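Secondary and tertiary structure notes
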Amino acid sequence: MDQLIQQITDFFQSSINILGEEITVQQIVTFLLILIAVLIGAGYLHRWFRRLFNRLRLPQDLANRLLALLFLIVMVVGIGLAFRFAKISTGFLGKVFNYPITKLFQPPQKLVETETGEEKSSVAVGDESSLTLKRLFFAFVIVFGAFILSKYVQWLLRRQVLQAFQIARHTQFILLRFIHFIFLIIGVLIGLSAVGVSFTSLAIIFGGLSIGIGFGLQNIASNLIAGFILIFERPIKIGDLVEITELDTFGRVSSINLRSTVITALDEKEIIVPNSQLITESVHNLTHANDLFRLRVQVSVSYSSDVEVVKKALLEIAHDHPEVIKEPNPEMPNVTVPFIRFTDFGESSLNFELLAWIPDSTHRFDVASDLHFMIWGKFKEYGIKIPFPQQDVHFYPKESDA
């Protein structure tokens, strides 16, 4: 038993050399235990502050941001306490952040003997041209800062400038997207320079990307090109009501991105459609020039019905609905008053079609439903029958049966 205890003690007292720092197993275990205790404490604090914010009736977004900030503060303090109680020198972190990442993927360096007789690696750890975690962190902060600055500038322009000049919604979207891309490109270029990537390296990277596009990235490239076409050519705009028959998609365009377009359906579901499909496939844009829409309501009546009475009933229904356009307007030359078409002599019915314009295409389903209800009631009032399919079957007896 004493031998086992001695072995466990020796194991905890054994040290590990990490980037020139001697750290014992006991220090590592102590560090991990303190971190676990900090995480458990952060969980309790999270639940307690959540209940407190609910009692104070803070907005949900504000409460979530405060809880995230509290978690970050607790974790930073906890990590500091873990280093302190584990007696691990924080200079170790400096060596970790300044350690060249490229050295991990290189074979072991040969030791070179100096004039003083010391041996050291041919590549220094603190080489200014090497890629380190510190450089990556700085690059991430720069790109993230450019993204946040872009969002703030867009919000400021949308609220203070674009709305004051009464610029169209789609034009606002294009301008804000263009500003967003400029900020991101500048942030990425500055971040790459912070990492130490030269423009010569960028040329090599873009050359490799061009080969990749030729082999396996055609779909992504076509979506990006289609995104620019949608943004600048404007076959569809933000707020347009579109219908894609091949995809069985109907809804209003909420955003146009470089790779895809988001369409919000009538049931508030967001449908993400690749931009290339909007360019190559047929898209019905119901609000490209205006919001007008012509309804077609098909009706079948029995052969015993008076066609003039049917026409009168359908016109009364169209004029009774409040959303149907009933008078011609010189500003809308293609819009006509409601009228009836006698379309066909069917096998079991006479087929008619009611055509009527409505000012808002988003209401077409609701107006069509209202017209169907009104047709059912009006036909009952006039005694007009809607027939079932009928077939006459004749039996001819055989001569043997006769």
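Residues numbered from 1 in each chain as written. Predicted model: local features only at pLDDT ≥ 70, side-chain atom pairs only at ≥ 80, totals over all residues. Heavy atoms only, no water.

As a further point, take the overall build of the protein. Scanning the protein from terminus to terminus reveals eleven helices and twelve strands. Of all 402 residues assigned to the protein, the portion counted as buried reaches 29%. With the model as given, the accessible surface of the protein reaches about 27300 Å², and the carbon-plus-sulfur share is 63%. (Helix = DSSP H or I, 4+ residues; strand = E, 2+ residues; numbered from the N terminus. Buried < 20%, exposed > 50% of the residue type's maximum accessible area, 1.4 Å probe, protein only. Areas by Shrake-Rupley, 256 points an atom, 1.4 Å probe, with all protein chains shown as cover.)

The next point concerns the sheet that holds strand β9 (residues 284-285). The strand order across the open sheet built from five strands is β8-β7-β6-β5-β9, with neighbouring strands paired in antiparallel fashion. Of all strands in the sheet, those bounded by a partner on one side alone are β8 (270-274) and β9. Sheet topology places strand β5 (residues 241-244) next to strand β6 (residues 249-256); four bridges connect them, and they run antiparallel. Looking at the pairing, Ile244 lines up with Thr249 of β6. (Pairing = 2+ DSSP bridges.)

Counting 26 residues, the largest nonpolar core has Val301, Leu314 and Phe379 as its most contacted members. Setting aside chain neighbours within four positions, we find Leu314 in contact with Val299, Ile340, Phe352, Leu354, Ile375 and Phe379. Of all hydrophobic cores here, the second largest spans 13 residues; its members include Phe173, Ile231, Val253 and Ile256. (Core = buried A, V, L, I, M, F, W, Y, C linked by side-chain atoms within 4.5 Å. Contact = heavy atoms within 4.5 Å.)

One open sheet holds the three strands; their spatial order is β10-β12-β11, and the pairing between them is antiparallel. Taken across any chain shown, the strands that pair with only one partner, and hence form the sheet edges, are β10 (293-301) and β11 (339-345). On average, adjacent strands in this sheet sit at an angle of 25° to one another, irrespective of strand direction. Note: β10 against strand β12 (residues 350-358), nine bridges, orientation antiparallel. Following the sheet pairing, Phe293 is matched in β12 by Ile358. Together, β10, β11 and β12 form the strand contacts of helix α10 (residues 307-320), whose direction differs from that of β12 by roughly 20°. (Axes fitted to C-alpha atoms, helices over the stretch in contact; angles between N-to-C directions.)

A few words on the packing of α10 against helix α11 (residues 364-382). It is the contact of α10 with α11, at a shortest axis distance of 10 Å, that shows an interaxial angle of 140°. One element, α10, and the other, α11, form an angle in the oblique class. Here α10 runs over α11; the crossing is right-handed. Across from Val309, Val310, Lys312, Ala313, Leu314, Glu316, Ile317 and Asp320 in α10, the residues of α11 making contact are Leu371, Met374, Ile375, Lys378, Phe379 and Tyr382. (Parallel < 35°, antiparallel > 145°, perpendicular 65-115°, else oblique. Left-handed = near helix turned anticlockwise from the far one by under 90°.)

By the secondary structure assignment, Gly196 is in the loop between α6 (169-195) and α7 (199-215). Taking the C-alpha atoms as reference, Gly196 lies 9.7 Å from Leu136; in sequence the two are 60 residues apart.

A few words now on helix α8 (residues 218-233). Helix length check: α8, at 16 residues, gives a terminal C-alpha distance of 22 Å against a target of 22 Å (1.5 Å per residue), a fit within 8%. Every buried residue of α8 is accounted for by Ala221, Asn223, Ala226, Gly227, Leu230 and Ile231. Downstream of α8 by a residue or two, Arg234 has a phi angle that is positive, lying close to 65°. (Expected span 1.5 Å × (residues − 1).)

A few words now on the packing of helix α1 (residues 2-13) against helix α2 (residues 25-56). Two numbers describe how α1 lies on α2: the axes approach to 5 Å, and their chain directions differ by 80°. Judged by the inter-axis angle, α1 sits roughly perpendicular to α2. Taking contact as the criterion, the partners of Phe11, Phe12 and Gln13 in α1 are, on α2, Val25, Gln26 and Val29. Its residues assigned to classes, the contact of α1 with α2 shows four nonpolar, two polar and no charged. (Nonpolar A, V, L, I, M, F, W, Y, C, P; charged D, E, K, R; others polar.)

As defined by bridge partners, β11 adjoins β12 across six bridges and the pair is classed as antiparallel. In the strand pairing of β12, Phe342 is matched with Phe352. Between β11 and β12, which pair antiparallel in sequence order, lie four residues.

All right, on to the packing of aromatic side chains then. With the rule as written, the count across this model stands at eight aromatic pairs. When the ring of Phe140 is compared with that of Phe144, the centres are 6.0 Å apart and the planes differ by 15°; the resulting orientation is stacked. Linking Phe140 with Phe144, this pair stays in helix α5 (residues 133-162), spanning four residues, or about one helical turn. We note Arg47 situated over the ring of Tyr44; from NZ or CZ to the ring centre the distance is 4.8 Å. (Phe/Tyr/Trp six-rings, centres within 6.5 Å; stacked < 30°, edge-to-face > 60°. Lys NZ or Arg CZ within 6 Å of the ring centre and 35° of its normal.)

Moving on to the side chain of Asn275. Topologically, Asn275 is positioned in helix α9 (residues 275-280). Classification of Asn275 as buried rests on a relative accessible area of 0%.

With that settled, consider the pairing of β6. In terms of burial, β6 is a largely internal element, six of the eight residues being buried. Between the antiparallel neighbours β5 and β6 lie four residues, among them Asp248 with a positive phi of about 55°. Note: β6 against strand β7 (residues 260-265), five bridges, orientation antiparallel. When the bridges of β7 are listed, Ile256 appears paired with Thr261. Hairpin connection between β6 and β7: a loop of three residues separates the two successive antiparallel strands.

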